[in-house]
Structures are given as structure tokens and as C-alpha cells.
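Take a look at the letters that make up each chain.
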Amino acid sequence: MSDPRTTPSIFTRGAVDLSALRPAAPAKPAAPSSPAAPAATPDAGVPGTVPGVNPETVIDVTEADFQAVLERSLTTPVLLDFWADWCDPCKKLSPVLERLAAEYGGAWILGKVNVDLNPRLAQVFRVQGIPQVTAVIGGQPVEGFSGVLPEAQIRQYIDAVLKAAGVEVATPEDPRLDAADDALMTGDLDEAEAAYRKILAESPADAAAESGLAQVELYRRISGADPSSVLAKAAADPDDVAAQRLAADIEVLSGQAPDAYARLIALIKRTTGDDREAVRKHLLSLFLVAGPEDPAVAGARRALASALF
């Protein structure tokens, strides 16, 4: 794991001067005239906790205890949520952040800052509008975001913060993806397609959703087809583009994806023009079904490049 104190900012904003918020060394107190029971103090590094939530994931942050937050960020990234009671958008964002903080299980800490009660913190962090979220990694702030974002974008931001801090955590399961996968497994292709497209509208680079949508299209193409008949027809006419594409679909669903890739790459070598382009696009859709991490896909991509050029 890299040291977060030496990790460069993942964003573009310059460093924020936090020196004004570091309390001066306290004066040595006079000796008490009589013994007194020590006052109860909160746990070190844990400022005021938020009622009803895990104190290890969500904390209230004030100017008085901000030094403890800085120290805590040396080992665990802290996301500061600047909010106020009168701010309606804050009431939409804060519950999402609190839920995600619990979901990530302590991989990062959510620090809630009421700007009305802590104006110096708002000034130092250049808060121009709320809600605003700023991360602190290794005692230093990095760029955040303002306003209410879709949950998918918030997750992307959190994952970027964790990566910058060198924190290795398992990515929490996405309930949206679980619902889409359930629809696919039960054969409700329309529901599955709608769910995958919704995820991709919010997170265009979501590989799992891309794969799911490609599987929906694959199931639709082979609907009603008899595997033995399809493969026999393809064997009888190697240059029948439609037959070869459907045979490749059957092979993928039968666990013979490398054979399907080889079939279509061989067909690309024998075709030209629109037929060749149609086969190429079909092969790419099968790559999406497997996902980018599949080693068979990596080899097939190299073979495809050779066939094309």
C-alpha cells in the first residue's frame, strides 16, 4: 500500500492552507487547589458522532476538533460533507453519503460539517455553495464536488479517493446491477435491458452493465434456435455470414467462446465490405459478453487485429 501522505492529488485544485485550523499549544494549566475527577473525553481521533449511525464511519466535525480529523486522515481518507439545516439539496445528498460510508465498512470516514456553526472551516475549504464534498488524504485536501450528483458518480469519486490514498477495498456490490442480473437470469429480457441501459446512462464505462446488455442481445438472437441445426447449417455453408454469426452465438452460450471467436475471425479473412464489417461488429459484441478481463478475449483481439490489417 502506498503512503497517502506522498500520493499526489487526484484532482486539480491547489493545496489548501490548513494551518489556521491547527490549534496552538495550550498553556500549561495551573495546579488545581484540590483533587478533582477528570472530565470524560471522547475517544482520540473520533470527534462528535452522529446519532443513529456507526461512529466509525460518520462523524460530526467542528473547528475545535478538526486537528483530530487531520490526524485520522493519515490512515483513513476523510470525506467532508459541508451542509446546513436550511439547505434542501444537502438533505438529498447527506443520506446517500451516510449510507455509502456504512456500505464501505470503514474504508473511509464521512465528516459532516455544518457551515453555519463552523464558518472558518467553510472559508478555509473555499466553500462557495453547498452541499460541497471535499476529501482529506494524508492530512491534505484534494478536489471534491459541489451539488447533488447521481449515486453512480459519487461512487466513482469515492473509489478515486480510495485509490489515491492507496486503500485496497473490495468494491461493494451495486444493487442496481444485482436487480438487472436477476431480471436476466429469470428471462425478463425487457426488464434486464432497461436496467442495464439505466446503469450505462449514469455510468457509461460500467463494464458489468455493458456485458449484461450484450448478454441480453445474445439471448434474443438465439431465441427459438435449435443448437444442433444451427451448427450443422454453419458447417454446410462456411461462407453464409448469418449462419456463421448464429453458430458463434451458440458456441458462446455453450462455453466454447474461443471456438466462436476463431470462427468469426476466419470469416473476416474471407469476407469484404459490409459483410466483413457486420462480422467484426458481431465479434466485438461477443467480446463484451465475456468482459475485458477474459484472457480468451485478449488473444482473440490480437488475432482480429491481424486479420484486419
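Keep in mind it's a predicted model, so treat the numbers as computed, not measured.

About the criteria used
- Residues numbered from 1 in each chain as written.
- Predicted model: local features only at pLDDT ≥ 70, side-chain atom pairs only at ≥ 80, totals over all residues.
- Heavy atoms only, no water.
- Helix = DSSP H or I, 4+ residues; strand = E, 2+ residues; numbered from the N terminus.
- Buried < 20%, exposed > 50% of the residue type's maximum accessible area, 1.4 Å probe, protein only.
- Contact = heavy atoms within 4.5 Å.
- Areas by Shrake-Rupley, 256 points an atom, 1.4 Å probe, with all protein chains shown as cover.
- Disulfide = S-S within 2.5 Å.
- Arc of directions from axis to C-beta.
- Pairing = 2+ DSSP bridges.
- Axes fitted to C-alpha atoms, helices over the stretch in contact; angles between N-to-C directions.
- Phe/Tyr/Trp six-rings, centres within 6.5 Å; stacked < 30°, edge-to-face > 60°.
- pLDDT = per-residue confidence, 0-100.
- Expected span 1.5 Å × (residues − 1).
- Polar contact = N/O pair within 3.5 Å; in protein donor to acceptor, adjacent residues only side chain to side chain.

## Some details on the overall build of the protein
The helix and strand inventory of the protein stands at twelve helices and five strands. Within the protein, buried positions represent 42% of all 309 residues. Taking contacts inside the protein between residues at least 6 apart in sequence as the whole, the part at least 24 apart equals 65%. When the accessible area of the protein is evaluated, it comes to approximately 16500 Å², of which 55% is carbon and sulfur surface.

## Section: the state of the cysteines
When the sulfur atoms of two cysteines share a covalent bond, that bond is a disulfide. Scanning all chains against the criterion turns up one disulfide. In this model Cys 87 forms its disulfide with Cys 90; the gap between the sulfur atoms is 2.3 Å. Taking the sign of the torsion about the S-S bond as the criterion, the disulfide between Cys 87 and Cys 90, at about 85°, is right-handed. For Cys 87, a relative accessible area of 3% translates into the label buried.

## Overview of helix 5 (residues 175-185)
Every buried residue belonging to helix 5 is among Leu 177, Ala 180, Ala 183 and Leu 184, and all of these are buried. Projection of helix 5 onto a plane perpendicular to its axis shows the buried side chains occupying an angular sector of 125°, all on one side. Facing away from the buried surface of helix 5 by more than 90 degrees, the exposed residues are Asp 182 and Met 185. Where helix 5 is buried, its residues meet helix 6 (189-202) and helix 7 (207-222). At the exit of helix 5 stands Gly 187, carrying a positive phi of roughly 85°.

## A word on the sheet that holds strand 3 (residues 109-114)
The mixed open sheet is built from five strands, whose spatial order is 1-3-2-4-5. Edge positions in the open sheet fall to strand 1 (58-60) and strand 5 (140-146), since each of these has one partner strand only. Strand after strand, the sheet turns through a mean of 25° between neighbouring axes, direction not considered. Against the sheet, helix 2 (residues 88-103) makes contact with strand 1, strand 2 (78-83), strand 3, strand 4 (132-137) and strand 5, and its axis sits at roughly 160° relative to strand 2, the strand it touches most.

## Remarks on the packing of aromatic side chains
Summed over all chains, the structure comprises five aromatic pairs. Ring centres of Phe 82 and Phe 125 lie 5.5 Å apart, and the angle between their planes is 45°; this geometry places the pair in the tilted category. Of this pair, Phe 82 sits in strand 2 while Phe 125 is found in the loop between helix 3 (119-124) and strand 4, placing the two residues 43 residues apart along the sequence. An identical accessibility class is assigned to Phe 82 and Phe 125; each is buried. Summarising the aromatic geometry, the rings of Tyr 261 and Phe 287 are spaced 5.1 Å apart at their centres and angled 80° between planes, so their arrangement reads as edge-to-face. Placement of the pair is Tyr 261 in helix 10 (residues 257-270) and Phe 287 in helix 11 (residues 273-290), with a sequence separation of 26 residues.

## Some thoughts on the environment of Ala 84
For Ala 84, the position within the fold is in the loop between strand 2 and helix 2. The class of Ala 84 is buried, set by a relative accessible area of 1%. Between the C-alpha atoms of Ala 84 and Pro 131, which are 47 residues apart in sequence, the distance is 8.1 Å. Residues contacting Ala 84, with those up to four places away along its chain left out, are Cys 90, Asn 114, Val 115, Asp 116 and Ile 130.

## Points about the confidence of the model for the protein
Summary statistics for the protein give a mean pLDDT of 82 and a share of 81% for residues scoring 70 or more. For residues 1-55, every residue scores under 50 in pLDDT, and the model assigns this stretch 76 contacts once sequence neighbours within four places are set aside.

## Quick notes on the environment of Gly 106
Residue placement: Gly 106 occurs in the loop between helix 2 and strand 3. For the pair Gly 106 and Pro 77, spaced 29 residues apart in the sequence, the C-alpha separation amounts to 9.6 Å. The residues contacting Gly 106, other than those within four sequence positions of it, are Glu 56, Thr 57, Thr 76 and Ala 101.

## Thoughts on helix 7
An ideal rise of 1.5 Å per residue puts 22 Å on 16 residues; helix 7 measures up with 23 Å between its terminal C-alpha atoms. Among the residues of helix 7, those classed as buried are Ala 209, Ser 211, Gly 212, Leu 213, Ala 214, Val 216, Leu 218 and Ile 222. Contact partners of the buried residues in helix 7: helix 5, helix 6, helix 9 (241-253) and helix 11. N-cap assignment for helix 7: the residue whose side-chain oxygen lies 3.1 Å from the backbone N of Ala 208 is Asp 206. Following helix 7 by one or two positions, Gly 224 adopts a phi angle in the positive range, close to 85°.

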